[in-house]
Amino acid sequence: MAPTLALVGATGAVGTVMIDIINGRESVPWGEIRLIASPRSAGKKITVRGEELTVIALSPEAFDGVDVAMFDVPDEVSAEWAPIAAERGAIAVDNSGAFRMNDEVPLVVPEVNADKVRERPRGIIANPNCTTLSMMAALGALHREFGLTELVVASYQAASGAGQPGIDRLQAELAAVSGKGLGAKAGDVRAELESSGLSLSDTPFAGTPLALNVVPAAGSYKGDGWFSEELKVRNESRKILGIPDLKVSATCVRVPVVTTHSLAVHATFAREVTVEAAHKVFEAQPTIVLVDDPENGRFPSPAEVVGGDPTYVGRVRQALDFPNTLDFFVCGDNLRKGAALNTYEIAEQLAPEFG
Ligand code: 2RA
């Protein structure tokens, strides 16, 4: 019998993208697809693959008969409910941060370490943070060929990484500054927002304007100068690539883009690497689109790639002063490959176990 798939968080921002992804698949390996959400959203009707489904409330019984349960919910909800789903016999594929660094939970990017889906003693598999994920297909492919030894990245993260409140805040700020002279000092966005009544005391972006600005503070402050997004890039990259002592340093920056994270990557390898060889590696990886013709203005940018599934790579250069080192630019839709798509691809890897 075809396996049963559950989607927990079916009505949230990532859950909605997940349903788009399921609806867009040519075929799916699932029999029943069950939509689960908070009691507040229970009863909603959502069409999945031509069938109108009713969202049911999260409860232990909701997992009865489920083979694979995908979780797109906040950390604390996953922390409580993914183990309950696993106890009820489902494999939980979790897109929160609750289990990513747990030694008994594999952290999977199918292009890099698909085999890890079988090593799941707790019945839980984790999906990486979208910032790490946006560059993993590219780094995994290069690592297999040249042996990654050092990684320095700067991120350019979209507002939707902070969820719907992040999108709403950016749009409110853009509306407030649109067409304005922007204060006595040209570009004084802060003064313009304050005079428009948009308080900066409590924003998803560290109390800093995001419209017409960049904010070098992504996630929560963790001490010693580091923000959580930067530590996630380091810890998760090491775990996914299987290089526990990989040297990593990240600076994560929020930019006024609605959706699609970008990263400037500076990667050093054990073996000699050329731009031509790197291009070949990227071209051979089906989930990467290489857009690298800067002379003719062709390179990835969020406006070009939003809504797409692949990782877009361009601006590949041999670092002039660093041996065996490439610099390149990566863009990926943070709501698709960065969240829903990778989670769904993990679920697809599991489906044959139920054949
Ligand atoms: C962010 N990476 O962009 C996070 C979302 N998980 O804030």
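Predicted model only: the values in this text are computed from it and were never measured.

Let us look at the confidence of the model for the protein chain. Per-residue pLDDT for the protein chain averages 96, and the proportion of residues at 70 or more is 99%. If you check the scores for this complex, the pTM reads 0.95 and the ipTM reads 0.97.

Of the two faces of strand S1 (residues 5-8), the one lined by Leu 5 and Leu 7 and the one lined by Ala 6 and Val 8 are each fully buried. With four bridges joining them, S1 and strand S6 (residues 68-71) adopt parallel strand pairing. Bridging across to S6, Leu 7 finds its partner in Met 70. After leaving S1, the chain enters helix H1 (residues 13-24) and then returns to the sheet as strand S2 (residues 33-37), a path that is right-handed.

Now for the UniProt feature "binding site: phosphate" (unreviewed entry) in the protein chain. According to UniProt, the positions carrying the feature "binding site: phosphate" (unreviewed entry) are Arg 100. Mapped onto the secondary structure, Arg 100 falls in the loop between strand S7 (91-94) and helix H3 (110-113). The contact partners of Arg 100, leaving out residues within four places of it in the chain, are Asn 95, Val 105, Leu 107, Ala 126, Asn 127, Pro 128, Asn 129, Lys 232, Glu 236 and Lys 239. A polar contact of 3.2 Å, which involves the side chain of Arg 100, links it to the backbone oxygen of Ser 96.

In the neighbourhood of the ligand, the contacting residues comprise Asn 129, Cys 130, Thr 131, Gln 157, Gly 161, Glu 229, Arg 254 and His 261. Within the contact set of the ligand, a nitrogen atom lies 3.2 Å away from a side-chain nitrogen or oxygen of Thr 131. At 3.0 Å from an oxygen atom of the ligand is found a side-chain nitrogen or oxygen belonging to Gln 157. Against a free-state accessible area of 240 Å², the protein chains account for coverage of 81% of the ligand. A per-class count over the shell around the ligand returns one nonpolar, five polar and two charged.

We now examine the environment of Leu 290. Of note, Leu 290 is situated in strand S14 (residues 288-290). Separated by ten residues in the primary sequence, Leu 290 and Pro 300 have C-alpha atoms spaced 8.3 Å apart. Beyond its immediate sequence surroundings of up to four residues, Leu 290 is in contact with His 279, Phe 282, Glu 283, Val 313 and Val 316.

Here the focus is the UniProt feature "active site" (unreviewed entry) in the protein chain. As recorded in UniProt, the sites labelled "active site" (unreviewed entry) are Cys 130 and His 261. Sequence-wise these annotated residues cover 132 residues; spatially they are packed, their C-alpha atoms never more than 7.9 Å apart. Within the secondary structure layout, Cys 130 lies in helix H4 (residues 130-146). Along the chain, His 261 turns up in strand S13 (residues 261-269). Judged by its relative accessible area of 0%, His 261 falls in the buried class. Setting aside residues up to four positions removed in sequence, His 261 forms contacts with Cys 130, Thr 131, Ser 134, Tyr 156, Gln 157, Ala 158, Gly 161, Arg 254, Val 330, Cys 331, Gly 332 and Asn 334. There is a polar contact of 2.9 Å between the side chain of His 261 and the backbone nitrogen of Ala 158.

Conventions adopted
- Residues numbered from 1 in each chain as written.
- Predicted model: local features only at pLDDT ≥ 70, side-chain atom pairs only at ≥ 80, totals over all residues.
- Heavy atoms only, no water.
- pLDDT = per-residue confidence, 0-100.
- Buried < 20%, exposed > 50% of the residue type's maximum accessible area, 1.4 Å probe, protein only.
- Helix = DSSP H or I, 4+ residues; strand = E, 2+ residues; numbered from the N terminus.
- Pairing = 2+ DSSP bridges.
- Right-handed = clockwise from strand over helix to strand, strands pointing away.
- UniProt positions renumbered as here; feature names shortened; annotations may be inferred.
- Contact = heavy atoms within 4.5 Å.
- Polar contact = N/O pair within 3.5 Å; in protein donor to acceptor, adjacent residues only side chain to side chain.
- Near = heavy atom within 4 Å.
- Areas by Shrake-Rupley, 256 points an atom, 1.4 Å probe, with all protein chains shown as cover.
- Nonpolar A, V, L, I, M, F, W, Y, C, P; charged D, E, K, R; others polar.

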